[in-house]
Amino acid sequence: AQKITQTQPGMFVQEKEAVTLDCTYDTSDPSYGLFWYKQPSSGEMIFLIYQGSYDQQNATEGRYSLNFQKARKSANLVISASQLGDSAMYFCAMREGVEEYGNKLVFGAGTILRVKS
Amino acid sequence: EAGVTQFPSHSVIEKGQTVTLRCDPISGHDNLYWYRRVMGKEIKFLLHFVKESKQDESGMPNNRFLAERTGGTYSTLKVQPAELEDSGVYFCASSQDVLPRDWGKLRGRSEQFFGPGTRLTVL
C-alpha cells in the first residue's frame, strides 16, 4: 500500500505567489513524523520542514509552512512568496515509530515545481 | 561542518561489472542510511547502520548488494554483479540520534541529512 501520496507530478506558480504542494499519508501508528525535502537540479536533498504527529501547531520555517490535517492524513507544504530558486523537485516523506529504531524514511513520488517570472 | 559526502558523483559501468559507492557521514552521526531512486520511481530505503551494525536491511533488493561500515565511520555499498535495473541515484544520509519507541512524542526531529547522491548507470 502506498504510504505517501503526492498527486501532483508537476506544478507551475508565478513568482511572488504562494503555492501548495499536496501530500497524503497512510499509517496506523500514532507516533510518526512528516518531512519535506527539496531537490534542486544539482541533485542534493535539502531538508525543509518537519511535523511531528503529536505537534499541536503547524510547523513553519521561514517561507515554508506545513498545513497538517491529522484527521485527513494530509501534510501539505505551503511556499509563500515563491522565488525562481524554488524551482525544484519536492519530496514528502514519513517516518513511523513501528520498530524500536524505525528511523527509515518512506518517500512520495515527488512534485516538480516550476516558478515562472 | 562538512556535510554528507558521496563518491563518485557519477559511475557508468557495463552489466556484470562491479561498482563500489562510498559515503562519508557527518562527523559524530551514528546513523547512516542508504536510499536509491530508480528512474521514475520513489526514493526507496535500502538499509540503516547504527555505528558499524546493520540495524535494518529490509530494503536491500538482493544479495548482489553488500553494504559495510567498518569502524562505524564511512560506508561502502558494493553492487556485484551490476544489472541494468540497478541504474539510478544512490543517496546516503546520516542522523545523530537513535530514537526510542515513542519518539513521536519528543520535540526533537532528528532529521536525516542527505549527501548529493551517486548517479549509477549500468549499460
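Since this is a predicted model, take the numbers as computed values, not measurements.

Definitions and cut-offs
Residues numbered from 1 in each chain as written. Chains lettered and ligands numbered in written order. Predicted model: local features only at pLDDT ≥ 70, side-chain atom pairs only at ≥ 80, totals over all residues. Heavy atoms only, no water. Disulfide = S-S within 2.5 Å. Helix = DSSP H or I, 4+ residues; strand = E, 2+ residues; numbered from the N terminus. Buried < 20%, exposed > 50% of the residue type's maximum accessible area, 1.4 Å probe, protein only. Phe/Tyr/Trp six-rings, centres within 6.5 Å; stacked < 30°, edge-to-face > 60°.

Enquirer: Which parts of the structure should I look at to understand the state of the cysteines?
Expert: Two cysteines joined by a covalent bond between their sulfur atoms form a disulfide. Within the structure shown, the criterion is met by two disulfides over all chains. Put simply, Cys23(A) and Cys92(A) are joined by a disulfide, and their sulfur atoms are 2.0 Å apart. Between Cys23(A) and Cys92(A) the sulfur-sulfur dihedral comes to about -65°; the bridge is accordingly left-handed. In this pair, Cys23(A) sits in the loop between strand 3 (19-21) and strand 4 (24-25) while Cys92(A) sits in strand 10 (residues 88-96), placing the two residues 69 residues apart along the sequence. For the pair Cys23(A) and Cys92(A), one class covers both residues: buried. At a sulfur-sulfur separation of 1.8 Å, the disulfide partner of Cys23(B) is Cys92(B). Here Cys23(B) and Cys92(B) share a disulfide; its torsion about the S-S bond, -60°, makes the bridge left-handed. Here Cys23(B), found in strand 3 (residues 19-24), pairs with Cys92(B), found in strand 9 (residues 88-95); they are 69 residues apart in sequence, far enough to count as distant. Residue classification places Cys23(B) among the buried positions, given a relative accessible area of 0%.

Enquirer: Would you take a moment to explain the packing of aromatic side chains for this structure?
Expert: Given two aromatic rings, one states the distance between the centres and the angle between the planes to describe the pair. Under the counting rule described, the total for this entry stands at 15 aromatic pairs over all chains. With a centroid separation of 6.5 Å and 20° between ring planes, the pair formed by Tyr25(A) and Phe68(A) is classed as stacked. Highlighted residues: Tyr25(A) in strand 4 and Phe68(A) in strand 8 (residues 64-69), separated in sequence by 43 residues. You can call Tyr25(A) buried: its relative accessible area is 5%. Between the aromatic rings of Phe107(A) and Tyr35(B), the centroid separation amounts to 5.6 Å while the plane-to-plane angle is 90°, which identifies the pairing as edge-to-face. Linking Phe107(A) in strand 11 (residues 106-107) with Tyr35(B) in strand 4 (residues 31-37), this pair reaches from one chain into another.

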